[in-house]
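Per-entry structural report
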Amino acid sequence: MVENNYRIESDTLGPVKIPKDALWGPQTQRSKNNFHAGALMPIAIIRALLHIKKAAALANMKMGKQTAQKGQAIVDAINQLLSLDDEKLRVDFPLHIYQTGSGTQTNMNVNEVVANLANKNNPGLDILPNDDVNMGQSSNDTFPTAMNLVAVGAVDTLKKSISHLVDELLIKEKEYWTTVKVGRTHLQDAVPLTFGQEISGYISALNHGLDYLKKLEPTLDELPIGGTAVGTGLNAADGMAESIAETLSKEYGHTFKVETNKFFGLANHSGLDVVHGAIKTIAADLFKIAQDIRFLGSGPRAGLGELELPANEPGSSIMPGKVNPTQAEAVTMAAVRVFGNDTTITVAASQGNFEMNVYKPVMIAAFLESAEILSETTVAFADKMIYGMKINKKQMQKDIDNSLMTVTALSPHIGYHAAAEIAQLADKEGLTLRQAALKSGKVTESQYDKWIDPLQMTKATQTKPIND
């Protein structure tokens, strides 16, 4: 029944008014009417569900559960939808993240759109959203399967972004391997190291993070598809899950498996939780790296001033000539958002009451946001800050000349206590360490020059860049 710009369709709860040109059906419309908060369901989830429905249709035809005519119509409709760009695809998938916690309404949104498009392309075939498109499936297993599919893709993108930053840092590590500067511990002056050595620590942190991801991400390969409503597999044909996994593996270029406990797969999302923990760890290390670099580049006159950072845009609407470390700020903001998302995911993962976790949409939305913002800010940080970053050699040398902690090299020769007295004398009387050492009478000029060699103290000349 069509009324002006609307049509009337009915579901198990009664009639629903739907825009006449919309491909969705009554269950989508009810959700659209009832839930308006937050962002729309990530388009990656929509595409993943479409791939799952396609794989299910192929499996059901293979198992003799679906007629070739209907099954092929479903596959053709899905291929038509998948060929659309994200903006055009979004038109018929208008639902928000904050809806039912199982993702049922988005699952039905996909079922309805596919069924209506297949019927539009094949008049009289009468393909039904639940009986045909959703055959042998439940939102309870399709949605968490979609979650894992998109999480794997997001992790792959993040790994590439982190590796890109590592590549840029490797260039700087090699370039500044023997550039001496003051080390700092407890935010206080410490013995010298080289800037290349300092960068090598950044690289190692990121490489460890990548290693954690690589070791943990295989848990995302376990797909709960085939569990249907509560994990028993009711209404799913034997071999259907394996067939779906095989198809999805080909589509995504990744090896997925279904040999997993379905009761676990529906009620627990431990894989997402633990992998996001690795993402959070990377975010923490990125925060530390970005924080160090913006502090080392602070100034230009009243800060540490060891680094000259690229000027990407004006830094103040009132202070002329001011330039800020904006790329570092973007990374650190992304990192704290990831920290918050990790809390969201941890709490959500704990809510698998009985046979179903009902925090699925918010969980995957938080996961995807973390991976996306960390990926994008990391690449920009590498290209627009690290690439153009230079040292202020004059400032680094000045700090070394003024440092009192090079006195540590005297300890093996005159003892810790005598070396400490020289450092305290220099600090009290405003002397350089050299002046204080000679004034103490415990060190001759030739001894001082022999024993106090900042570059040799770093041992950088005895080794190659660690990551060379």
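Our subject in this report is the structure included herewith. (Residues numbered from 1 in each chain as written. Predicted model: local features only at pLDDT ≥ 70, side-chain atom pairs only at ≥ 80, totals over all residues. Heavy atoms only, no water.)

**Regarding the overall build of the protein chain**
The following threshold applies: Helix numbering and strand numbering both begin at the N terminus, where a helix is a DSSP run of H or I of at least 4 residues and a strand a DSSP run of E of at least 2. C-alpha atoms define the radius of gyration in this analysis, and the globule rule sets the expected value at 2.2 Å times the number of residues to the power 0.38. By definition, residues are in contact when any of their heavy atoms lie within 4.5 Å. The Shrake-Rupley method, run with a 1.4 Å probe sphere, supplies the accessible areas, and residue values consider only the shown protein chains as cover. Positive charges are assigned to Lys and Arg, negative charges to Asp and Glu, while His and the chain termini are left out of the count. The atoms used to mark charge sites are NZ of Lys, CZ of Arg, CG of Asp and CD of Glu.
Looking only at helices and strands, the protein chain features 19 helices and nine strands. Relative to the 2.2 N^0.38 estimate, which gives 23 Å for 468 residues, the radius of gyration of the protein chain is 30 Å and therefore markedly larger than a compact globule would have. For the C-alpha atoms alone, the extent of the protein chain along its principal axes is close to 105 × 50 × 35 Å. If you take every contact in the protein chain between residues at least 6 apart in sequence, the share linking residues at least 24 apart comes to 72%. For the protein chain, the computed accessible surface area is about 22100 Å², with 53% contributed by carbon and sulfur atoms. Side-chain charges of the protein chain comprise 44 positive and 52 negative groups, with the mean position of each set lying 4 Å from the other.

**With respect to the nonpolar core**
Going by this rule: We define a nonpolar core as any set of buried Ala, Val, Leu, Ile, Met, Phe, Trp, Tyr and Cys residues linked to one another through side-chain atoms lying within 4.5 Å. Partly exposed residues are those whose accessible area sits between 20% and 50% of the maximum for their type, while under 20% is buried and over 50% is exposed, using a 1.4 Å probe and protein chains only.
I364, F367 and F381 are the most contacted members of the largest nonpolar core, which totals 102 residues. Broken down by element, the residue count for this core peaks at 14 residues, all from helix 7 (residues 139-175). Excluding its chain neighbours within four sequence positions, the residues that come into contact with F367 are A151, A154, V155, L272, V275, H276, I279 and I345. Core analysis: the second largest hydrophobic core is formed by 16 residues, L410, A419, I422 and A426 among them.

**Quick word on the side chain of Q99**
Note the cut-off: In the analysis that follows, any N or O atom pair within 3.5 Å is treated as a polar contact, provided that within protein one partner can donate a hydrogen and the other can accept it, and provided that, for residues neighboring in sequence, both atoms belong to side chains.
Positionally, Q99 belongs in the loop between helix 4 (86-90) and helix 5 (104-121). Using a relative accessible area of 11% as the deciding quantity, one classes Q99 as buried. Of the polar contacts made by the side chain of Q99, one reaches the side chain of T106; its length is 2.7 Å. Setting aside residues up to four positions removed in sequence, Q99 forms contacts with S31, F35, M41, T104, Q105 and T106.

**Focus on helix 3 (residues 68-82)**
Heads up, the condition is: To estimate the expected span of a helix, subtract one from its residue number and multiply by 1.5 Å.
Taking 1.5 Å as the rise per residue, helix 3 with 15 residues should run 21 Å; its terminal C-alpha atoms sit 21 Å apart, in good agreement. Looking at helix 3, one finds that the buried residues are K70, G71, A73, I74, V75, A77, I78, L81 and L82. Tucked inside the fold, the buried residues of helix 3 contact helix 2 (43-62), helix 4, helix 5 and helix 6 (129-133).

**Regarding the pairing of strand 2 (residues 6-11)**
Let me state the cut-off plainly: A pair of strands is labelled paired if DSSP reports no fewer than 2 bridges between them.
Alignment of strand 2 against strand 3 (residues 14-19), held across six bridges, turns out to be antiparallel. Within strand 3, the residue paired with S10 across the bridge is P15. A loop of two residues connects strand 2 with strand 3, the two strands running antiparallel in sequence.

**Brief notes about the packing of aromatic side chains**
Spelled out, the test is: Side-chain rings of Phe, Tyr and Trp (the six-membered ring for Trp) are treated as a pair once their centres are within 6.5 Å; stacked means planes under 30 degrees apart, edge-to-face means over 60, and tilted covers the remaining angles.
The tally for this structure, following the rule as stated, stands at three aromatic pairs. Consider the rings of Y176 and F195, whose centres lie 5.7 Å apart with planes at 45°: the pair is tilted. With a gap of 19 residues between them, Y176 in the loop between helix 7 and strand 4 (180-185) and F195 in helix 8 (residues 195-216) connect regions that are remote in the sequence. Per residue, the accessibility class of Y176 equals that of F195, and both read buried. Both rings, one in Y252 and one in F256, keep their centres 6.3 Å apart while their planes meet at 85°; by these two values the pair is edge-to-face. The class of F256 is buried, set by a relative accessible area of 7%.

**Describing the packing of helix 2 against helix 9 (residues 240-252)**
Worth spelling out the cut-off: To obtain each axis, a line is fitted to C-alpha atoms, and for helices this fit is confined to the stretch in contact; angles are then taken between N-to-C directions over 0 to 180 degrees. Any angle between 65 and 115 degrees counts as roughly perpendicular, while under 35 counts as roughly parallel, over 145 as roughly antiparallel, and the rest as oblique. The handedness criterion is simple: a crossing whose near helix is rotated anticlockwise from the far helix by less than a right angle is left-handed, and one whose near helix is rotated clockwise is right-handed. Polarity classes work like this: nonpolar for Ala, Val, Leu, Ile, Met, Phe, Trp, Tyr, Cys and Pro, charged for Asp, Glu, Lys and Arg, and polar for all others, with Gly in that last group.
The contact between helix 2 and helix 9 brings their axes to 8 Å, and the two run at 130°. Our classification of the angle between helix 2 and helix 9 gives oblique. In the packing of helix 2 onto helix 9, the handedness of the crossing is right-handed. Residues R47, A48, H51, I52, K54, A55, A56, L58, A59, N60 and K62 of helix 2 pack against M240, S243, I244, T247, L248, E251 and Y252 of helix 9. Residues belonging to the contact of helix 2 with helix 9 are distributed by class as follows: 10 nonpolar, four polar and four charged.

**Focus: the environment of Q462**
Inspection of the secondary structure puts Q462 in the segment after helix 19 (454-458). Sequence separation between Q462 and A348 is 114 residues; the distance between their C-alpha atoms is 51 Å.

**Observations regarding the environment of S163**
Within the secondary structure layout, S163 lies in helix 7. Here S163 falls in the partly exposed class, since its relative accessible area comes to 31%. C-alpha of S163 to C-alpha of I127: the two residues are 36 residues apart in sequence and 47 Å apart in space. From its side chain, S163 meets the backbone oxygen of K159 in a polar contact 2.9 Å long.

**Considerations on the pattern of salt bridges**
What counts is decided by this rule: Any carboxyl oxygen of Asp or Glu that lies within 4 Å of a side-chain nitrogen of Lys or Arg is treated as forming a salt bridge with it.
Taken as a whole, this structure holds 20 salt bridges when the rule is applied. R184 is the partner of D399 in a salt bridge, and the nearest nitrogen-oxygen pair spans 3.9 Å. Taken together, the residues span a long stretch of sequence, with D399 in helix 14 (residues 393-402) and R184 in strand 4 at a distance of 215 residues. With relative accessibility at 18%, the residue D399 sits in the buried group. Its relative accessible area of 31% is what places R184 among the partly exposed residues. Among the ionic pairs, E246 bridges to K250, the shortest N-O distance being 3.7 Å. A residue pair is termed a helical-turn pair when its members lie 3 or 4 positions apart in one helix, as E246 and K250 do in helix 9 at four residues. The exposure class of E246 is partly exposed, given its relative accessible area of 43%.

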